[in-house]
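# Chains, contacts and geometry: an overview
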Amino acid sequence: MELQLPDDFRCPISREVMTDPVILSSGHTFDRASIQPNLPQRWLDAGNRTCPVTKVPLPLSPSLIPNYALRSLISSYLARRPSAAASSSSSDDHLDSLLLSRFSFPSDATTLSAVLRLAQSGSAASRRLVVDSDATSVLIRHADAPDRPDIQDLALRALLHISLDGDDTRLGLLAEGALDPVVSALRGGPVAALAATFLTSLAIVDVNKATIGAHPAAIPSLVALLSGGDGRQRREAATALHELCKFAENRRRAVRAGAVAPLISFAGEGSERAVRVLGLLAKCREGKEEMRKTIGFLRALADVVKTGNPRGVEHALVVLSLVCSDSKEMALEAIGEGILDLCSVLASDMNQKIGKNAMELACSLRIFSSPCISANISQ
């Protein structure tokens, strides 16, 4: 990689790739770090008052003119070079550092793609290099660019991979202001699903769950995506809600935002994740009340119990238990939907969790199916 670098990219003094090329009055370009008088062991600091290349005398305070054209060429080269993620050589690390040192707002798709390659290389060291630079703040600014969905997509992908660096990084991303751009990106468009995935990663940290939930538009935007998005957007929105609603207060926020109806609809279409979110919402009073009021709730859950995959059946039984165990009306409706009969069959299921959940639901429903209880209810 070092051999492929054009000589014009190297400072004549340090022989390293220039990070801040400047032009002397002699017309030659050097790296500012090599020519500035306040840096030790450098040309001017050593008492030299001539151009290092031409030996032409320089003024006592030589003006250093930024060479923006060369700086742009170097940045473009670094962004377009093949990814060196599999290498651990010091030269590759140096080039990656140079790329990140030049990364600023606004940037182009080529440079953003290079930063993305570095972030998603799979190497913890590469992600740490990005995290330790100023790249995250630049990526966050690019993530808030709805008029450039290509740029927004690259920035969000890079941020998602950076978030895999660990909980401290997830906390840091919110502290740097990532929440507003990602919530804005949730509001439809080609990057909405990606934004929901990134939000899920951020929400893994418990304190972030509270911070995200407290944002006035975060959960409502996810609910809107769940209601009107395409298949992938709905799946990612349900996944984000599942992670956020592990925090109790967010369950009530999701119910108030209208999450129950679209979750029931999605569960009826076979989404196991939607059933699991309903299980979290059913743990709060507001969630259970909303499910009881929603037309088609029992039918949708009964269909999941009949035809869902094992995990979906397991969680659907839990939801039904939570909603029906303290409501005679819902219990009798559930019996009318044939759920008690289904439980009788599933109680002997080879899947122990399904069998256990079916038995618990059946016990609750049988209480309300006895003649004396039914008579009392009818009266």
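### Concerning the nonpolar core
Counting 97 residues, the largest nonpolar core has Leu281 and Phe297 as the members making the most contacts within it. Excluding its chain neighbours within four sequence positions, the residues that come into contact with leucine 281 are Cys245, Arg251, Ala254, Val255, Ala259, Val260, Leu263, Gly287, Lys288 and Met291. With 13 residues, the next largest nonpolar core counts Phe9, Met18, Leu24 and Leu98 among its residues.

### Remarks on helix H18 (residues 297–307)
If you check which residues of H18 are buried, you get Phe297, Leu298, Ala300, Leu301, Ala302, Val304 and Val305. Here the buried face of H18 lies against helix H15 (260–268), helix H16 (272–281), helix H17 (285–293), helix H19 (310–324), helix H20 (328–336) and helix H21 (339–346).

### Regarding the sheet that holds strand S1 (residues 21–23)
With respect to topology, 3 strands assemble into an open sheet ordered S2-S1-S3, the strand pairing being antiparallel. Both edges of this open sheet fall to strand S2 (29–31) and strand S3 (65–66), since each of them pairs with a single strand only.

### A word on the packing of helix H12 (residues 218–228) against H15
Interaxial distance between H12 and H15 falls to 9 Å at its minimum, and their mutual angle equals 40°. In terms of orientation, H12 and H15 fall into the oblique class. As for how H12 packs across H15, the hand of that crossing is left-handed. Here Val223, Leu226 and Ser227 of H12 lie close against H15, whose contacting residues are Pro262, Leu263 and Phe266. A per-class count over the contact of H12 with H15 returns 5 nonpolar, 1 polar and no charged.

### Things to note about unusual backbone geometry
Of note, the amide linkage connecting phenylalanine 105 to proline 106 takes the cis form, showing an omega dihedral of -5°. With respect to the secondary-structure elements, proline 106 resides in the loop between helix H3 (90–102) and helix H4 (109–119).

### Digging into the confidence of the model for the protein
Caution is warranted with low-pLDDT regions, since their predicted coordinates should not be read in detail. Chain-level statistics for the protein give a pLDDT mean of 84 and a share of 83% at 70 or above. Confidence scores differ between elements of the protein, with helix H23 (residues 371–378) showing the lowest mean pLDDT of 42 and helix H14 (residues 248–256) the highest of 97. With pLDDT under 50 throughout, residues 37–41 is counted as low confidence; its partners more than four residues away or in other chains account for 6 contacts. Counting interchain partners and residues more than four positions distant, the pLDDT-below-50 stretch residues 372–379 has 7 contacts.

Criteria and cut-off values
Residues numbered from 1 in each chain as written. Predicted model: local features only at pLDDT ≥ 70, side-chain atom pairs only at ≥ 80, totals over all residues. Heavy atoms only, no water. Core = buried A, V, L, I, M, F, W, Y, C linked by side-chain atoms within 4.5 Å. Buried < 20%, exposed > 50% of the residue type's maximum accessible area, 1.4 Å probe, protein only. Contact = heavy atoms within 4.5 Å. Helix = DSSP H or I, 4+ residues; strand = E, 2+ residues; numbered from the N terminus. Pairing = 2+ DSSP bridges. Axes fitted to C-alpha atoms, helices over the stretch in contact; angles between N-to-C directions. Parallel < 35°, antiparallel > 145°, perpendicular 65-115°, else oblique. Left-handed = near helix turned anticlockwise from the far one by under 90°. Nonpolar A, V, L, I, M, F, W, Y, C, P; charged D, E, K, R; others polar. pLDDT = per-residue confidence, 0-100.

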